[in-house]
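Structural description and commentary
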Amino acid sequence: MTDQLAYYAHPTAVLDEGCRVGAGCRIWHFTHVSAGAVLGEACSLGQNVFVADGVTLGRNVKVQNNVSLYTGVHCEDDVFLGPSVVFTNIRNPRSAVPRRGEAHYLPTVLERGATVGANSTLVCGVRLGRYAFVGAGSVITRNVPAFALVYGNPARQHGWISAHGHRLHFDQSGFARCPESFQGYELNQAKTEVWAEDYSD
Ligand SMILES: CC(C)(COP(=O)(O)OP(=O)(O)OC[C@H]1O[C@@H](n2cnc3c(N)ncnc32)[C@H](O)[C@@H]1OP(=O)(O)O)[C@@H](O)C(=O)NCCC(=O)NCCS
């Protein structure tokens, strides 16, 4: 069922035979991890979380209470999901038209360090770039660039944000510094992409 390494699961959690749970994970009350799910090391799943077959979580992914991760959802290392975030995996569901099986599921990918604020909804088939930040209560309908801050319904970009979660204010030469980490960021000329300086992958 697991990598046979130390992790904690509350007695009310259900871990199906075959799921893979990395060392140092913490899984809280009434949470269900399905057989084909893979959790990297040191993930935290809050109360009443559901992780479906085929979902992959990288290292140190934090999932707050009441989040269902459906087949097709992939979160890289250090992703943060606020409470009651809603994922979807079928774009045009109809009760009377069977659309079961992976062929019908659109993937949703959250790249390393992305954050999704509380109660946000992600329409399936989108990708959040590295360290993208989705404000609380947003509806994501399009891909989000790395380091972009988006919010609203539909979510629109309202600036850029550092890996430590601070707004980036670029000077005329397109350079900004995070006030907490002091890491440098550069905005490309088209103002569509940000690069972190000296950021090792
Ligand atoms: C997106 C966010 C980071 C912005 O924080 P900020 O940079 O301090 O922004 P401000 O509070 O100065 O707000 C700036 C403007 O954006 C609006 N705004 C901020 N967050 C918003 C959101 N999620 N949805 C819609 N509008 C939002 C504010 O109302 C304000 O509008 P105004 O200028 O017309 O008054 C923050 O509001 C947020 O949503 N954080 C997520 C919190 C969360 O879900 N945590 C989960 C774990 S508990």
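So, here is what we can say about the structure in this document. As the structure is a prediction and not an experimental result, all values here were calculated from the model.

For the rest of this paragraph, the subject is the overall build of the chain. Each helix and strand in the chain was counted, giving zero helices and 25 strands. Taken against the 2.2 N^0.38 rule, which gives 17 Å for 201 residues, the C-alpha radius of gyration of the chain at 18 Å falls within 12% of a compact globule. Across its three principal directions, the C-alpha atoms of the chain cover 55 × 45 × 25 Å. Long-range contacts, defined as pairs at least 24 residues apart, comprise 16% of the intrachain contacts of the chain with a sequence gap of at least 6.

With parallel pairing, six strands are arranged side by side in an open sheet as β3-β6-β9-β12-β15-β18. Here the strands that pair on one side only, and so sit at the sheet edges, are β3 (20–21) and β18 (127–128).

All right, on to the nonpolar core then. Nonpolar side chains tend to gather and get buried jointly when the protein is soluble and globular. In terms of nonpolar packing, the biggest core is built from 51 residues, with Val33, Val51, Leu69 and Ala132 touching the most fellow members. Considering each element in turn, this core owes the most residues, three residues, to strand β21 (residues 148–151). Here Leu69 is in contact with Phe50, Val51, Ala52, Val55 and Phe87, once residues within four sequence places are set aside.

This paragraph deals with the sheet that holds strand β1 (residues 8–9). Spatially, nine strands are ordered β1-β4-β7-β10-β13-β16-β19-β21-β22 in an open sheet, and the strand pairing comes out mixed. Each edge of the open sheet carries a strand with a single partner, namely β1 and β22 (156–160). Bridge count between strand β13 (residues 80–81) and strand β16 (residues 115–116): two bridges; the pairing is parallel. By the bridge assignment, Phe80 is partnered in β16 with Thr115.

Moving on, we get to the pairing of β22. Judged from the three bridges that link them, β21 and β22 form a sheet pairing that is antiparallel. What sits directly across from Tyr151, in β22, is Arg156. The antiparallel pairing of β21 with β22 creates a hairpin that spans four residues between the two strands, and Gly152 there sits at a positive phi of about 105 degrees.

Here we take up the pairing of strand β24 (residues 184–187). Examined bridge by bridge, strand β23 (residues 175–177) and β24 share three bridges and lie antiparallel to one another. Looking across to β24, one finds that Arg177 is bridged to Gly184. Count of turn residues in the β23/β24 antiparallel hairpin: six residues, of which Phe182 carries a positive phi of about 65 degrees. With antiparallel pairing between neighbouring strands as the criterion, β24 and strand β25 (residues 194–196) make up a hairpin whose turn holds six residues, including Lys191 at a positive phi of roughly 60 degrees.

Rules of the game
Counting from 1, residues in each chain are numbered in the order their sequence is written. pLDDT decides what is reported in this predicted model: residues at 70 or higher carry local features, side-chain atom pairs at 80 or more are listed and counted, and totals for whole chains, interfaces and linings draw on all residues regardless. Secondary structure is summarised from DSSP: a helix means a run of H or I of at least four residues, a strand means a run of E of at least two, and numbering begins at the N terminus for each. Put simply, the radius of gyration uses C-alpha atoms, and a globule should come to 2.2 Å times the residue count raised to 0.38. We call two residues in contact if the C-beta atoms placed from their backbones are at most 7 Å apart. Each pair of strands is called paired provided DSSP finds at least two bridges between the two strands. Note on definitions: a nonpolar core is a set of buried residues drawn from Ala, Val, Leu, Ile, Met, Phe, Trp, Tyr and Cys, linked by C-beta atoms within 7 Å. In this scheme the burial state of a residue depends on its C-beta neighbours within 10 Å: 20 or more other such atoms mean buried, 12 or fewer mean exposed, and anything in between means partly exposed; the C-beta positions come from the backbone.

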